Amino acid sequence: QVQLVESGGGLVQAGGSLRLSCAASGRTFSNLVMGWFRQAPGKEREFVARFHWSGDRSYYADSLKGRFAISTDNAKNTVYLQMNSLKPEDTAVYYCAATDRGGYLWSAAGYPYWGRGTQVTVSS
């Protein structure tokens, strides 16, 4: 089992920045993939970014490249999502997810472990 706890959401004006954190615990992380997803009201949960602890690789949704970036703190088993130049359309609940098994990693269905989510609201 993997436990995930997100933090860092809030209200920000358009053009501002936020950094979300996801702290993982419960097992070793060498083969863990940690993802970020978001879900706006009335919309499906969509892929934002993911990080592979094995190989130290990050992947992003094409539409978010250049504005969002992942960083990590290995000592704290924490993944961060830095969000810059925020837009009102970035408003959503942001979820941290993790998987230790194969699957389609661009989809929420590929992740068995989830945090509770943190609200991000961008005002215009």
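On a predicted model such as this, the values are computed, not experimentally measured, just so you know.

## Observations concerning the pairing of strand 5 (residues 46-52)
Thinking step 1. Burial runs high along strand 5: six of the seven residues are buried.
Thinking step 2. Across six bridges, strand 4 (residues 33-39) lies against strand 5 in antiparallel orientation. By the bridge assignment, F37 is partnered in strand 5 with F47.
Thinking step 3. In sequence, strand 4 turns back onto strand 5 through a hairpin of six residues, with G42 there showing a positive phi of about 80 degrees.
Thinking step 4. Between the end of strand 5 and the start of strand 6 (residues 57-60), which pair antiparallel, lie four residues, with G55 showing a positive phi angle near 105 degrees.

## Considerations on the environment of V79
Thinking step 1. Residue placement: V79 occurs in strand 8 (residues 78-83).
Thinking step 2. In this structure, the C-alpha to C-alpha distance between V79 and R19, residues 60 residues apart in sequence, is 10 Å.
Thinking step 3. Leave out the neighbours within four places in its chain, and V79 touches L20, S21, C22, M34, W36, F51, W53, I70, S71 and T72.

## Description of the state of the cysteines
Thinking step 1. Applying the stated criterion across every chain, the model contains one disulfide.
Thinking step 2. Between the sulfur atoms of C22 and its disulfide partner C96 the distance amounts to 1.9 Å. Handedness of the C22-C96 disulfide follows from its S-S torsion of about -75 degrees: it is left-handed. In this pair, C22 is assigned in strand 3 (residues 18-25) and C96 in strand 9 (residues 92-99), connecting sequence segments 74 residues apart.

How each quantity is defined
Residues numbered from 1 in each chain as written. Predicted model: local features only at pLDDT ≥ 70, side-chain atom pairs only at ≥ 80, totals over all residues. Heavy atoms only, no water. Buried < 20%, exposed > 50% of the residue type's maximum accessible area, 1.4 Å probe, protein only. Helix = DSSP H or I, 4+ residues; strand = E, 2+ residues; numbered from the N terminus. Pairing = 2+ DSSP bridges. Contact = heavy atoms within 4.5 Å. Disulfide = S-S within 2.5 Å.

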